[in-house]
Amino acid sequence: MLNIVLFGPPGAGKGTQSEKLIAKYGFTHLSTGDIFRYNTKNKTELGQLAQSYMDKGELVPDEVTIAMLESEVEKSNTSKGFIFDGFPRTIPQAEALDKFLAGRGQSIAVMTALEVPEPELIKRLLLRGADSGRADDTDESIIKNRIQVYNDQTAVVANYYSAQNKFRAINGIGSIDEIFDRLCAVIDAVEETK
Ligand code: ADP
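Because the structure is a prediction, the values reported are computed rather than measured. (Residues numbered from 1 in each chain as written. Predicted model: local features only at pLDDT ≥ 70, side-chain atom pairs only at ≥ 80, totals over all residues. Heavy atoms only, no water.)

Moving on, we come to the packing of helix α2 (residues 32-41) against helix α3 (residues 45-54). α3 packs onto α2 with a crossing angle of 115° between their chain directions and a minimal axis gap of 7 Å. Where α2 crosses over α3, the handedness of that crossing is left-handed. In this structure, α2 contributes G33, F36, R37, N39 and T40 to the contact, and α3 contributes L46, G47, A50, Q51 and M54. The class makeup of the residues in the contact of α2 with α3 is four nonpolar, five polar and one charged. (Axes fitted to C-alpha atoms, helices over the stretch in contact; angles between N-to-C directions. Helix = DSSP H or I, 4+ residues; strand = E, 2+ residues; numbered from the N terminus. Left-handed = near helix turned anticlockwise from the far one by under 90°. Contact = heavy atoms within 4.5 Å. Nonpolar A, V, L, I, M, F, W, Y, C, P; charged D, E, K, R; others polar.)

The full set close to the ligand counts 19 residues, and T32, R37, E58, G86 and Q93 are the nearest of them. In the model, an oxygen atom of the ligand is placed 2.8 Å from a nitrogen or oxygen of the R37 side chain. In isolation the ligand exposes 550 Å². Once the protein is present, 97% of that is buried. At a threshold of 2 Å from the grid points, most atoms of the ligand map onto the largest pocket. Per element, the largest residue contribution to the shell around the ligand is four residues, and it comes from α2. Partitioned by chemical class, the residues of the shell around the ligand number six nonpolar, five polar and eight charged. (Near = heavy atom within 4 Å. Polar contact = N/O pair within 3.5 Å; in protein donor to acceptor, adjacent residues only side chain to side chain. Areas by Shrake-Rupley, 256 points an atom, 1.4 Å probe, with all protein chains shown as cover. 1 Å grid on protein atoms, 1.4 Å probe; cavity = no way out; pocket = protein on both sides within 12 Å on 5 of 7 lines; lining within 4 Å. Sits in = over half its atoms within 2 Å of the grid points.)

This part is about the nonpolar core. Counting 28 residues, the largest nonpolar core has F7, F84, L97 and Y161 as its most contacted members. Of all the secondary-structure elements, those providing two or more residues to this core are β1 (4-7), α2, α3, α4 (62-75), β3 (82-85), α5 (91-103), β4 (110-115) and α9 (157-162). Looking at this core element by element, the count peaks at five residues for α5. (Core = buried A, V, L, I, M, F, W, Y, C linked by side-chain atoms within 4.5 Å. Buried < 20%, exposed > 50% of the residue type's maximum accessible area, 1.4 Å probe, protein only.)

What follows covers the sheet that holds strand β2 (residues 28-31). Taken in spatial order, the five strands line up as β2-β3-β1-β4-β5 in an open sheet, and their pairing is parallel. Edge positions in the open sheet fall to β2 and β5 (167-171), since each of these has one partner strand only. Averaged over all neighbouring strand pairs, the angle between strand axes comes to 20°, with direction disregarded. Note: β1 against β4, four bridges, orientation parallel. Among the inter-strand pairings, F7 is bridged to a residue of β4, identified as A113. Lying over the sheet, helix α1 (residues 14-25) contacts β1, β2, β3 and β4, oriented at roughly 175° with respect to β3. (Pairing = 2+ DSSP bridges.)

For the rest of this paragraph, the subject is the side chain of T154. Mapping T154 onto the fold places it in helix α8 (residues 140-154). Look past the residues within four positions of T154 in its chain and what remains in contact with it is F7, L59, R89 and V149.

Look at any regular strand and the pattern is simple: side chains alternate between the two faces of the sheet. Of the two faces of β3, the one carrying F82 and F84 and the one carrying I83 and D85 are both buried. Here β1 runs beside β3; their pairing, made up of three bridges, is parallel. In the strand pairing of β3, V5 is matched with F84. With four bridges connecting them, β2 and β3 associate as parallel partners.

To locate leftover empty space, one rolls a probe as large as a water molecule over the atoms. All told, the structure shown has one cavity of 30 Å³ or more when counted by the stated rule. There is about 80 Å³ of room inside the largest cavity. In terms of lining, the largest cavity is formed by V5, L6, F7, G8, K14, G86, F87, P88, R89, Y150 and T154. Looking at the lining of the largest cavity, the elements that each hand over two or more residues are β1 and α8. Sort the elements by how many residues they give to the lining of the largest cavity and β1 lands first, with three residues. (Points joined across faces, edges and corners; volume = space filled by probe spheres on them.)

What follows is the structure in structure tokens.
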């Protein structure tokens with residue numbers, strides 16, 4: 001059982017790489033963005049609350065996000081481990097995750113971060129918006145706000161895992177397969193030391 005945090009700014013390719021990692025390793029994927037979108041689409045109470053933040057490119061408050069994530073972990077029966085995608089995005093979320101997993105006799109094995117320069121992120125997100133119609137991907141000012149929020153609140157989470165010697169940066173530029181190979185190399189190395 002291996003729990004992984006897939007980290008990186010909006011548009012870095014976390015969703016695409018998660019799909020490939022699930023296919024190869026059998027991980028259970030938990031994407032907080034996907035869960036929030038599912039809830040907004042189905043107009044649940046959580047969804048309505050989350051939408052007001054997502055529409056502006058702001059983070060959903062920690063208490064709400066942490067409670068949701070914990071209940072999703074509790075619901076899942078995973079034998080291979082989780083890929084956390086889009087979580088933790090703040091230091092309190094990272095601390096809560098560590099505490100929660102420790103209570104279950106588990107931990108995060110590694111955080112892999114996809115590094116992509118900002119102009120490329122904006123280009124990719126606008127392309128995705130044109131394709132998917134995702135509201136927060138069609139407006140450049142909202143995209144820029146999300147990147148700003150990432151730089152201000154989320155980037156520091158890398159230091160949190162770095163202090164535990166669990167942070168591995170990966171070049172997020174290249175073909176999907178090239179980036180996937182880089183990720184697999186990190187995961188396989190961690191698996192070997194287990
Ligand atoms: P991206 O990484 O492309 O911005 P996500 O699908 O991960 O997209 O997230 C979309 C939105 O969902 C975020 O802009 C934010 O409003 C909300 N969200 C997702 N994960 C979190 C989180 N861990 N904490 C707070 N808000 C979150």
